[in-house]
Amino acid sequence: MATQVDSPGSPAARPSGTVAFLFSDIEGSTERWETVRDAMALAVSRHDALMHTAIEHHGGYIFKTVGDQFCAAFSKASDALGAAVDAQRALTAEDFSDVGGVNVRMALHAGVAEERDGDYFGPPVNRIARLLSIGHGGQILVSAVGSELLRGELLAGCSLLDLGMHRLKDIAQAEHVYQLMATGLQGTFPPLRSPDAQFTNLPATPGSFIGREDVLLEIEAMLKKHQLLTLVGTGGVGKTRCAMQVGAQLLGRSPDGVWFVDLSANTDSSLVAGIFASAVGVRQSPNRSVLDSLIDYLKRKNLLLIVDNCEHLIMESGRIVSAILRAAPDVRILATSRESLNVAGEQIFRMPSLALPPEGDVSVGDLLGFAAVALFVDRAHAVDRRFDLDAENAPYATEICRRLDGIPLAIELAAARILVLSPREIAQRLDERFRVLTGGDRTAMPRHRTMRALIDWSYDLLTEPERAVFRRLSIFAGGFVIETASGAAGGGADEITMLDVLTSLVEKSLVQAEPGGSAMRYRLLESVRQYARERLFECGEYEATSSAHAAAMLKLALRLEDTFETMPDEEWETLAQAEIENWRVALDWALGKRNNVVLGCSLAAAVRRTWAAFAPAEGLRWVRAAVEAVDPASQDTIARLDIAQARLFEASNLHKASLDAAQRALERFERLGVPRGIVSAQSLAGRGLVLCGRIAEGEALLQAGLASAERLGWRKAACTILAHLSVARMFDNDFTGACAYSKRALTLARETGSDREAEAILNNLAENEFHNGDAQTAVRLAEEALYATRSRNTYARAITLVNLAAYLVATGAWTQARERGREGLRLNRDQQDSVAVTIALQHLAAVAALSPNRYEDVRRSAQILGYVDTQLRKLRADRQYTEQQEYDKIVKALGCTLGGTQVTSLMSEGSTWNEDRAVDEAALI
């Protein structure tokens, strides 16, 4: 830990070594300086005094203050924590009502930083500044390193709440973030403001990033000038890693985010468009092509797409990229491939190796200035903390890097052997192997053969059990957990044995461990996976391993289905979403290629909840394929496929089709006597009947399902059915009854962690309150619904925003109504929900017509309303109560301001607009 010798506050008291940092600032202070300057000056002065007292009491060294930001260093993380808690408690107790409150956010991190002139510099300082920026006033965030240092040293009444992995601006490696919970401090906050929230799916990148600064600058400069840039180079040269780093650095400069499309595990060209769509969050429609939906989504976006590992799907990748470039002028694409995409306008950047030292004597200190050597030392030190570059081993480390042509992955694999071989021994063995391969002529071996030879060498050094597992792990796509690894690659070994083998492969850098979430995930880098896959085929193990993989994935799907009732939604969805690529691979092998139709049909049925949450259109395609292939005698499987279709049709808003499938499932499950199937079918069929106008029949089924669910203790199922019953009462204009059902359902949703259901229930409650004339309560409930799933359910969020805009219009909160209406309009256009887009436009027209506004906006409101009327007729959509009462007010207000004749003329003019024109005009309101 750090050392501190003199009294706090003196220059000699600066902590050194591993330093614990505490940063803080006042949230939203700039606006208050502009509006209540004198009061703010007094408030900040008091804030500064409280911060000084808390930090100095715990022995902290304040090395910088910028405005209201404090930057302090401590010898121990527990001291930094004590200062943060004391400061927050003191600030909370203070009366800052003259400035509307002083909300201070804080962050705690630790690391070795460079000291200069009383200040600190380097990665730890950059990271804590970024960590602070994603927090909220009153919140104390703690990094992963900070949490480790605080283990066993938390103050009484304090605990750490796991907020998961979050990307920080301009930093590629994601941070595991914790929130400090302490007695007397606020504990509930909105979602963190990290880029992950809405604007990226970039995966976390393990390890430090060395020696590519100039390359990154060149790539960024080329992306500014060209819409498509392809990084080309041999496997292991770092194409993916550089692309991800560039993406992280451009995240704050890409208005609609940075999105990572991983093609590495897919071999089916028909699925490529779907992988693009899933990556950027496009909600696929069962009634139109995936590519059309993707293009419609991207044509209005300003974002960066990183398309990784295109080489094995070069034709289809090129076709999709070309279509995007033609339709979406503000979408930039950064591709990685071993060859160019051959698309018009493509620019090529050939990835260089890491910089190597020149021949001749170079000092140890100077050697670390060459990226190849620096990487070797960094990775070797990570394996063996005792390793340092010195005069004795430096020549051999340099020779290793030269032998490996400066290829990053090759250097990492060699450095992983430092525990059992010295640099001299590694260099000698590489020399021997390469001389055999090239007949003594080192220059005869190109870079791709260098990489191959290095993986060969690493493979040969494995034990036979390690080789077998390594080969079989190549069957996985998108990573794996220990459970499925044992089933697919363990050859009958238990999980403890598999863990030992995996640990060995991780230590040798052949497998990557990815911490985060409730379970450790593992993966193979693509170059390594391709090598292992070749070995799998050579050994004749591909079919047997594919069969074991499909069986393991079915087992996992069934386990997740069994745990759905007892696991919070967020945790369940995290586990399920991580396995989508593996389920695709298993379904393709079992069902698509007809290798095991029975297993494939069972798997298609078992994954229905995952597809419903993330890709209902793709799920329907798999289930339909299973329905065509299933054995007619297998009534249980057919019933489960029926319920899967019903669930996926429901997720696609195809209510009649969902009802038909649910009724078929109910008939079969009742004949088979399967309680869980009966309850699921009753829930879906009952909802379908209600939505199709057969309310009494639907309620009877729902009541039967509720009784069974409550008797069997299935609380999530009961929650869902209660929510459906609330909708039935609303449809029958019984808002008191609807409210009673919704409140029962909401209690269950909160107790079981059913976030998605809670969001829907809160929306129903908001609508009930609005019907009952309480628009303010409707606003509060709709705002609460927005936070229920922490933005994970984009489709539901889009609908909630549109409803909220209507409630805000009714309360006269014009600015907020405009903001929510615009956001709802944007999200529903992304979701390609034409009805919701049209209703959102009406709400914006209401803002223009009903608020004190410019005359030209009132005219614009009439034009937009004409477009809305025409569009709703085309869509055969009716206004519900909320929209109709608003519409009546708009028409009356327009008549009073413009006169009937002018209103009719303007509405007629708007009726000829297309959607783009209507949206553009609404943006001017």
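Residues numbered from 1 in each chain as written. Predicted model: local features only at pLDDT ≥ 70, side-chain atom pairs only at ≥ 80, totals over all residues. Heavy atoms only, no water.

Q: Explanation requested: the overall build of the chain in the structure shown.
A: On a plain count of helices and strands, the chain comes out with 41 helices and 16 strands. For the chain, the C-alpha radius of gyration of 30 Å lies close to 29 Å, the compact-globule estimate for 925 residues. On the principal axes, the C-alpha backbone points of the chain span a range of 90 × 80 × 60 Å. The buried share of the chain, reckoned over its 925 residues, is 57%. Where the 99 positive side-chain charges of the chain centre and where its 118 negative ones centre are 4 Å apart. (Helix = DSSP H or I, 4+ residues; strand = E, 2+ residues; numbered from the N terminus. Rg over C-alpha atoms; globule rule 2.2 N^0.38 Å. Buried < 20%, exposed > 50% of the residue type's maximum accessible area, 1.4 Å probe, protein only. Lys, Arg positive; Asp, Glu negative; His and termini not counted. Charge placed at Lys NZ, Arg CZ, Asp CG, Glu CD.)

Q: What is the right way to read the sheet that holds strand S14 (residues 346–350) from this model?
A: Sheet strands pair via backbone hydrogen bonds, and the direction of the pair is either parallel or antiparallel. Read across the open sheet, the five strands follow the order S11-S12-S13-S10-S14; overall the sheet is parallel. Unpaired on one side and paired on the other, strand S11 (258–262) and S14 mark the two borders of the sheet. The sheet shows a mean angle of 20° between the axes of neighbouring strands, direction not considered. Where S11 meets strand S12 (residues 303–308), five bridges bridge the pair, whose relative direction is parallel. Bridge pairing in S12 links Val261 to Val307. (Pairing = 2+ DSSP bridges. Axes fitted to C-alpha atoms, helices over the stretch in contact; angles between N-to-C directions.)

Q: Mind showing me how you'd approach the pairing of strand S4 (residues 104–112) here?
A: The side chains of a regular strand alternate between both faces of the sheet. Burial analysis of S4 places eight of its nine residues in the buried class, which makes it a mostly covered element. With nine bridges connecting them, strand S1 (residues 18–26) and S4 associate as antiparallel partners. By the bridge assignment for S4, Leu22 is matched with Leu108.

Q: Looking at this model, I keep getting lost on the side chain of Thr838. Mind explaining?
A: Position of Thr838 among the secondary structure elements: in helix H37 (residues 834–850). Thr838 sits in the buried class, given a relative accessible area of 1%. A distance of 2.8 Å separates a polar atom in the side chain of Thr838 from the backbone oxygen of Ser834. Setting aside its immediate chain neighbours within four residues, Thr838 contacts Val868, Gln871, Leu872 and Leu875. (Polar contact = N/O pair within 3.5 Å; in protein donor to acceptor, adjacent residues only side chain to side chain. Contact = heavy atoms within 4.5 Å.)

Q: Please clarify how the packing of aromatic side chains should be interpreted in this entry.
A: The description of an aromatic ring pair rests on the distance of the ring centres and on the angle between the ring planes. Summed over all chains, the structure comprises 14 aromatic pairs. In textbook terms, an aromatic cluster arises when at least three aromatic residues are bridged by ring pairs, as seen for Phe21, Phe23, Phe63 and Tyr120. The ring of Tyr459 carries the charged tip of Arg467 above its face, separated from the ring centre by 5.6 Å. One cation-aromatic arrangement involves Arg879 over Tyr887; the distance from NZ or CZ to the ring centre is 3.8 Å. (Phe/Tyr/Trp six-rings, centres within 6.5 Å; stacked < 30°, edge-to-face > 60°. Lys NZ or Arg CZ within 6 Å of the ring centre and 35° of its normal.)

Q: Honestly, helix H7 (residues 239–250) in this entry has me stumped. Any pointers?
A: Since the α-helix advances by 3.6 residues per turn, residues separated by three or four positions end up pointing in the same direction. Taking 1.5 Å of rise per residue, the twelve residues of H7 would be expected to cover 16 Å, and the 16 Å separating its terminal C-alpha atoms lies within 8% of that figure. Within H7, ten of the twelve residues are buried, which leaves the element mostly enclosed by the surrounding structure. What H7 keeps buried is the set Lys239, Cys242, Ala243, Met244, Gln245, Val246, Gly247, Ala248, Gln249 and Leu250. (Expected span 1.5 Å × (residues − 1).)

Q: Help me out: how do you make sense of the packing of helix H21 (residues 542–563) against helix H24 (residues 597–606) in this one?
A: Helices that pack against each other are described as a pair by the angle of their axes relative to one another and the distance between those axes. Relative to each other, H21 and H24 sit at 30°, their axes nearing to 9 Å. With respect to H24, the axis of H21 lies roughly parallel. Where H21 crosses over H24, the handedness of that crossing is left-handed. When H21 is examined against H24, the residues Ala550, Ala551, Met553, Leu554, Ala557, Leu558 and Glu561 are found in contact with a partner set consisting of Leu599, Ser602, Leu603 and Ala606. Grouping the constituent residues of the contact of H21 with H24 by class yields nine nonpolar, one polar and one charged. (Parallel < 35°, antiparallel > 145°, perpendicular 65-115°, else oblique. Left-handed = near helix turned anticlockwise from the far one by under 90°. Nonpolar A, V, L, I, M, F, W, Y, C, P; charged D, E, K, R; others polar.)

Q: Would you mind going over the nonpolar core with me for this structure?
A: Within soluble globular proteins, side chains that are nonpolar tend to cluster in buried spots. Counting 99 residues, the largest nonpolar core has Phe376, Leu404, Phe470, Leu473, Phe480 and Leu505 as the members making the most contacts within it. Residue contacts for Leu505: discarding those within four places in its chain leaves Leu462, Glu466, Val469, Phe470, Leu473, Leu510 and Val511. Counting 76 residues, the second largest nonpolar core, distinct from the first, contains Ala749, Ala785, Leu801 and Leu825. (Core = buried A, V, L, I, M, F, W, Y, C linked by side-chain atoms within 4.5 Å.)

Q: Got a minute to help me understand unusual backbone geometry in this structure?
A: Note: most residues except glycine have negative phi, and most peptide bonds are trans. Of note in the backbone geometry, Asn342 takes a positive phi value of approximately 60° without being a glycine. Positionally, Asn342 belongs in the loop between strand S13 (331–337) and S14. The residue Arg594 is not glycine, and still its phi comes out positive at about 60°. Structurally, Arg594 can be placed in the loop between helix H23 (580–592) and H24.

Q: I keep staring at the packing of H24 against helix H27 (residues 635–651) and nothing clicks. Help me out?
A: Contact geometry for H24 and H27: axes closest at 8 Å, N-to-C directions at 35°. Crossing of H24 against H27: the hand is left-handed. Where H24 approaches H27, its residues Cys601, Ser602, Ala604 and Ala605 are matched on the opposing element by Thr637, Arg640, Leu641 and Ala644. Grouping the constituent residues of the contact of H24 with H27 by class yields five nonpolar, two polar and one charged.

Q: Could you clarify how one ought to interpret the pairing of S1 in this entry?
A: Of all nine residues in S1, eight are buried, a share of seventy percent or more. Pairing of S1 with strand S3 (residues 69–74), which is carried by five bridges, proceeds in the antiparallel orientation. Looking at the pairing, Ser24 lines up with Phe70 of S3.

Q: Teacher, can you tell me more about the side chain of Arg797 here?
A: Within the secondary structure, Arg797 is located in helix H35 (residues 794–811). Accessibility expressed as a relative area gives 11% for Arg797, which makes it buried. Within the structure, Arg797 has its side chain in polar contact with the side chain of Glu823 (distance 3.2 Å).

Q: It is not clear to me how the pattern of salt bridges should be interpreted in this structure. Could you clarify?
A: Opposite charge on two side chains allows them to pair when their charged atoms are near. Taken as a whole, this structure holds 61 salt bridges when the rule is applied. When the shortest N-O distance is used, the salt bridge between Arg452 and Glu534 registers 2.4 Å. Of this pair, Arg452 sits in helix H16 (residues 447–460) while Glu534 sits in helix H20 (residues 526–538), placing them 82 residues apart in sequence. Here Arg829 makes a salt bridge to Asp916, at a shortest N to O gap of 2.6 Å. (Salt bridge = Lys/Arg side-chain N within 4 Å of Asp/Glu carboxyl O.)

Coordinates in, geometry out; function isn't part of it.
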